[in-house]
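# Chains, contacts and geometry: an overview
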Amino acid sequence: MREVAPGDLVFSFVDTRIVAIGTAQSYCYESPKPAEFGEAGLNWEAIGWRIRVSFVRLLHQVRPKDHMRVLGDLLPDRYSPLQSNGNGVQSIYLTEVPELLAEALIGLIGSEASLTRTMDPAVESVPRQ
């Protein structure tokens, strides 16, 4: 979370599909565990990290598992968001997606993803050091 910067693209993966794409609106900051989490994460600390993200729900929701012939070779060796069979990695909440994998996902999603990338002019990308 500490590496996310305003302008970064965030893929929302829910129930085997990429259902939304967002743009980070902030760096991470300390925040209390949300009340809506209820009893989930009993071993989590009361204070954690949060990032403001502006999400756009996708009409064309992609199921990465259906495209592993394209995506499989693009998965990183460490901290991959997907297993080699296309299932999500449940132990990873947020991870960096390599540029080639991100571009492949954007290509699979299509024009919605491309529009999302350019639609928030209020956020300036922060170059990586």
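Structure first, text after, so check above.
A quick note: this is a predicted structure, and the numbers were derived from the prediction, not measured.

### Concerning the overall build of the protein chain
Of regular secondary structure, the protein chain possesses 3 helices and 5 strands. Helices (α) and strands (β) of the protein chain occur, in sequence order from the N terminus, as β-β-β-β-β-α-α-α. Counted over contacts in the protein chain with a minimum sequence separation of 6, partners at least 24 positions apart contribute 56%. When the accessible area of the protein chain is evaluated, it comes to approximately 9,100 Å², of which 51% is carbon and sulfur surface.

### Describing the nonpolar core
By size, the foremost hydrophobic cluster in this structure holds 16 residues, and its most contacted members are Phe11, Ile18, Ile21, Leu71, Leu105 and Ile109. Within the residue set of this core, elements represented by two or more residues are β2 (17–24), β5 (53–62), α1 (68–71) and α2 (99–109). The element best represented in this core is α2, accounting for 6 residues. Other than its neighbours up to four places away in sequence, leucine 105 contacts Phe11, Ile18 and Leu71.

### Let's talk about the pattern of salt bridges
A complete count under the given rule lists 1 salt bridge for this structure. Residue arginine 63 is joined to aspartate 66 by a salt bridge in which the shortest nitrogen-to-oxygen separation is 2.6 Å. You can call arginine 63 partly exposed: its relative accessible area is 25%.

### With respect to the sheet that holds β5
Taken in spatial order, the 3 strands make up an open sheet running β1-β2-β5, and their pairing is antiparallel. With one partner strand each, in any of the chains shown, β1 (9–14) and β5 form the two edges of the open sheet. Across the sheet, the mean angle separating the axes of adjacent strands is 25° when strand polarity is ignored.

### A few points about unusual backbone geometry
At aspartate 15, a residue that is not glycine, the phi angle is positive and equals roughly 50°. Here aspartate 15 shows up in the loop between β1 and β2. Of note in this structure, threonine 16 is not a glycine but carries a positive phi near 75°. Among the structural elements, threonine 16 can be located in the loop between β1 and β2. Owing to a relative accessible area of 38%, threonine 16 belongs among the partly exposed residues under this scheme.

Procedures and definitions
- Residues numbered from 1 in each chain as written.
- Predicted model: local features only at pLDDT ≥ 70, side-chain atom pairs only at ≥ 80, totals over all residues.
- Heavy atoms only, no water.
- Helix = DSSP H or I, 4+ residues; strand = E, 2+ residues; numbered from the N terminus.
- Contact = heavy atoms within 4.5 Å.
- Areas by Shrake-Rupley, 256 points an atom, 1.4 Å probe, with all protein chains shown as cover.
- Core = buried A, V, L, I, M, F, W, Y, C linked by side-chain atoms within 4.5 Å.
- Buried < 20%, exposed > 50% of the residue type's maximum accessible area, 1.4 Å probe, protein only.
- Salt bridge = Lys/Arg side-chain N within 4 Å of Asp/Glu carboxyl O.
- Pairing = 2+ DSSP bridges.
- Axes fitted to C-alpha atoms, helices over the stretch in contact; angles between N-to-C directions.

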